[in-house]
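One-letter residues, chain by chain:
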Amino acid sequence: MVPKTRLGMAVRNTVTRLPLLESMSGMERIMSPKAADRLPDYESAADTAR
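Residues numbered from 1 in each chain as written. Predicted model: local features only at pLDDT ≥ 70, side-chain atom pairs only at ≥ 80, totals over all residues. Heavy atoms only, no water.

## Brief notes about the overall build of the protein
Consideration 1: In terms of helices and strands, the protein carries three helices and zero strands.
Consideration 2: Along the chain direction, N to C, the helices and strands of the protein fall in the order α-α-α.
Consideration 3: Accessible area for the protein stands at about 5300 Å²; split by element, carbon and sulfur atoms hold 62% of it. (Helix = DSSP H or I, 4+ residues; strand = E, 2+ residues; numbered from the N terminus. Areas by Shrake-Rupley, 256 points an atom, 1.4 Å probe, with all protein chains shown as cover.)

Shown next as structure tokens:
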């Protein structure tokens, strides 16, 4: 994603502006899980040193 030439940068910038990519980002929001699992609460190192 980090091209070294001006041509590579132009291609990258053009591709990222395509309408297809915008519609795919909308699909990602639709397909993502509605509720994420909560992570467990872990004790910090400061809590265990006491």
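## A look at a nonpolar patch on the surface
Consideration 1: There is a patch of nonpolar side chains on the surface, built from Leu7, Val11, Val15, Leu18, Leu20 and Met24 and spanning about 570 Å² of accessible area.
Consideration 2: Put simply, the parts of the chain that give the nonpolar patch at least two residues each are helix H1 (6–16) and helix H2 (19–31).
Consideration 3: Considering each element in turn, the nonpolar patch owes the most residues, three residues, to H1.
Consideration 4: Structurally, leucine 7 can be placed in helix H1. (Patch = residues over 30% accessible without salt bridge, like charges linked within 9 Å, V, L, I, M, F, W, Y side chains within 5 Å. Salt bridge = Lys/Arg side-chain N within 4 Å of Asp/Glu carboxyl O.)

## A short note on the confidence of the model for the protein
Consideration 1: This prediction gives the protein a mean pLDDT of 79; 78% of its residues lie at or above 70.
Consideration 2: Confidence, read as mean pLDDT per element, is least for helix H3 (residues 45–48) in the protein (67) and greatest for H1 (91). (pLDDT = per-residue confidence, 0-100.)

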